Amino acid sequence: MTLKKLQSFKARTGEPLGAPLLATSAEQVDAAAIAAADAFVSWSASNGATRAALLSALAKALEDDRDDLVALADEETALGPIRLNGELDRTAFQLRRFADMAERGEPFDVLNDPAVAGGPPVGHPAMVRQRVPLGPVAMFSASNFPFAFSVLGGDTASALAAGCSVVIKAHSGHLVLSNRVAGLIPEVLKKMGLPAGLISLIQGSGTDVGVRLLSHPAIAAGAFTGSTRGGAALQAVANARPRPIPFYGELGSVNPVVALPGIVAAKGAELAATLAGSIALGCGQFCTSPGVIVLIDSATDKASNDTFVELFTTALAGQKPHAMLTPGMRQAFDAGVHHMVAAGAQALLQEVGTAEAPHPFLAQVDAVNFIARAELREELFGPASLIVRADSLAEALEVLSAVGGSLTVTLWGAEQESDDNRALVRGAMNIAGRVLFSGVPTGVAVTAAQQHGGPWPSSTQPMTTSVGDAAMDRFLRPVCLQDAPAWLLARQGQPC
Ligand code: NAP
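Just so it is clear, the structure is predicted and the values come from calculations on it, not from any experiment.

## Notes on the site of the ligand
Then comes step 1: Lining the immediate environment of the ligand, one finds 26 residues, of which His171, Gly206, Ser227, Leu251 and Glu379 sit closest.
Then comes step 2: Between the ligand and Ser143 there is a distance of 3.0 Å, counted from an oxygen atom to a side-chain nitrogen or oxygen.
Then comes step 3: For the ligand, a nitrogen atom lies 3.4 Å from a polar atom in the backbone of Glu250.
Then comes step 4: Sorting the residues of the shell around the ligand by element identifies α8 (206–215), β8 (221–225) and α9 (228–240) as the ones contributing at least two each.
Then comes step 5: Residue assignment places the shell around the ligand across two domains, with domain 1 (5–251 + 459–489) and domain 2 (256–436) each supplying three or more.

## Section: the sheet that holds strand β4 (residues 127–133)
In a beta sheet, neighbouring strands pair by backbone hydrogen bonds and run either parallel or antiparallel.
Then comes step 1: If you walk across this open sheet you meet the three strands as β3-β4-β17, and the pairing is antiparallel. Of all the strands in the sheet, the pair left with one neighbour each is β3 (111–113) and β17 (476–482). If you compare each strand with its neighbour and ignore which way they point, the axes differ by 30° on average.
Then comes step 2: In this structure, β3 lies alongside β4, joined through three bridges in antiparallel fashion. Bridging from a neighbouring strand, Asn112 pairs with Val128 of β4.

## Some remarks on the domain arrangement of the chain
Then comes step 1: Segmenting the chain into domains produces domain 1 (5–251 + 459–489) and domain 2 (256–436).
Then comes step 2: A C-alpha centroid distance of 33 Å is found between domain 1 and domain 2.
Then comes step 3: Taken together, the 13 residues of domain 1 in the interface contact 12 residues of domain 2.
Then comes step 4: Summing both sides of the interface, domain 1 and domain 2 together bury roughly 990 Å²; the carbon and sulfur share of this comes to 63%.

## Description of helix α14 (residues 393–403)
Then comes step 1: Among all positions of α14, only Leu393, Glu395, Ala396, Val399, Leu400 and Val403 are buried. Take α14 and look down its axis: the buried residues cluster within an arc of 165°, on one side only.
Then comes step 2: Its buried side turned inward, α14 meets β10 (256–259), β11 (292–296), α13 (367–372), β14 (384–390), β15 (406–412) and α15 (419–431).
Then comes step 3: Just downstream of α14, Gly404 is the residue with a positive phi angle, here 85°.

## Examining the nonpolar core
Then comes step 1: With 92 residues, the main nonpolar core has Leu54, Leu58, Leu160, Leu198, Ile199, Phe370 and Leu386 as its most contacted residues.
Then comes step 2: Three or more residues apiece are contributed to this core by two domains, here domain 1 (5–251 + 459–489) and domain 2 (256–436).

Rules used in this analysis
Residues numbered from 1 in each chain as written. Predicted model: local features only at pLDDT ≥ 70, side-chain atom pairs only at ≥ 80, totals over all residues. Heavy atoms only, no water. Near = heavy atom within 4 Å. Polar contact = N/O pair within 3.5 Å; in protein donor to acceptor, adjacent residues only side chain to side chain. Helix = DSSP H or I, 4+ residues; strand = E, 2+ residues; numbered from the N terminus. Domains from an automatic or database assignment. Pairing = 2+ DSSP bridges. Axes fitted to C-alpha atoms, helices over the stretch in contact; angles between N-to-C directions. Contact = heavy atoms within 4.5 Å. Buried area = accessible area lost by both parts, 1.4 Å probe. Buried < 20%, exposed > 50% of the residue type's maximum accessible area, 1.4 Å probe, protein only. Arc of directions from axis to C-beta. Core = buried A, V, L, I, M, F, W, Y, C linked by side-chain atoms within 4.5 Å.

Set out below in structure tokens:
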């Protein structure tokens, strides 16, 4: 059988980057899944020190190759060396953070529930709750984070810390970089005496190799960062298996920013500049990009909101986004702009842009139309935003409710406690995984309290996060041991 050839391109010029690569064959996908299952046997029983050593060594391998990796990533994605160096730092930081968690024994935490004498419901046997790793994880790399959500990104790091093996589906937007990063792994594994199948890379179309991988009986979970449409398709694959498996999809999001009249009047120019910078950052290719800006017009506030819209339009017009990651994303952006205008949004800033880079897009719509037209609530991936004019707080709450699910909601000007602000916070918390009260949602800190995942359509599993310490919990399944023998309890949560 002839294997399909895959060609990567330079994002700025569209020229081919490197020689064509071969797509992974169906047999090779199956072999990767089986090798991951074999590697899982010993890795799932490894101790925290071994997991920490691997994760730290992977961080070091990335850092040691920084200059070449960043130069290659820049050619392939056009994201620029400053952003890419920062992203590599973040990726190494994530790997080391999960290394520390493994070293501290967090995957092996146990909850002791000693026996209580007497009959039920009060009396019960001795019970211990601990967790076991799920098994081999199929990981789908993101397009827009070639390091931090890709081969050695947060999903891989958290799955390894949990005790899972990983088969990575490379993203077609940075195939050469993905191969280069994956090329660092075998040496690290070999030095530690770990099986090569513990972390492996496959490549090819999502509907082909991606679906085959996720359908393989040896795969126990899926982790995905990408579009709502792609995530929904793969979630259906995970659910349609004879044995359905958890599928952790981080998807698209419109990230509403509600700017209350008081702060708009007081700080309009500053907020306009901040928002414009956030929308154009990375050419808007962030799942947390502020895509919907809600203003509340009353008789007294409409004029200052109008002034803010003018300032915001001017500030965004001055932004010069760089090239998008792939021609496909650029086409999707241009088509999305067209659809938004066709759906009734009034364009405030709409130029086609150059062949190399898009121009920012800004439009305005009233809340009634935004609530009525589902097309206006779809994520437009790129440097774009939609201003929604509500005529009351109640209507602004309806706007949030119509959004339904978002990674973030930002509330500007809710500093004082009041009935209105409590209602707004409730409305925001009902639909978002993270609620911000200052700044902009782009930038997702890797911390213990982080929550990157909200109700559908922003993620498939809103009670989990793909960023921060709790990302590891996705790959651990609770088990209760009842009246366990002393030898088993002595293992302190370590799988046997
Ligand atoms: P995408 O088109 O969904 O692609 C992501 C991966 O899924 C690729 O490997 C792709 O394979 C595969 N795929 C797509 N559709 C599929 C299908 N129907 N069946 C099987 N596999 C499929 O996403 P993208 O365009 O790369 O990324 C942009 C989107 O990602 C935006 O919507 C953005 O908001 C979202 N995003 C979300 C987050 C988050 O954390 N929530 C972070 C970054 C980006 P191919 O190689 O064949 O394309």
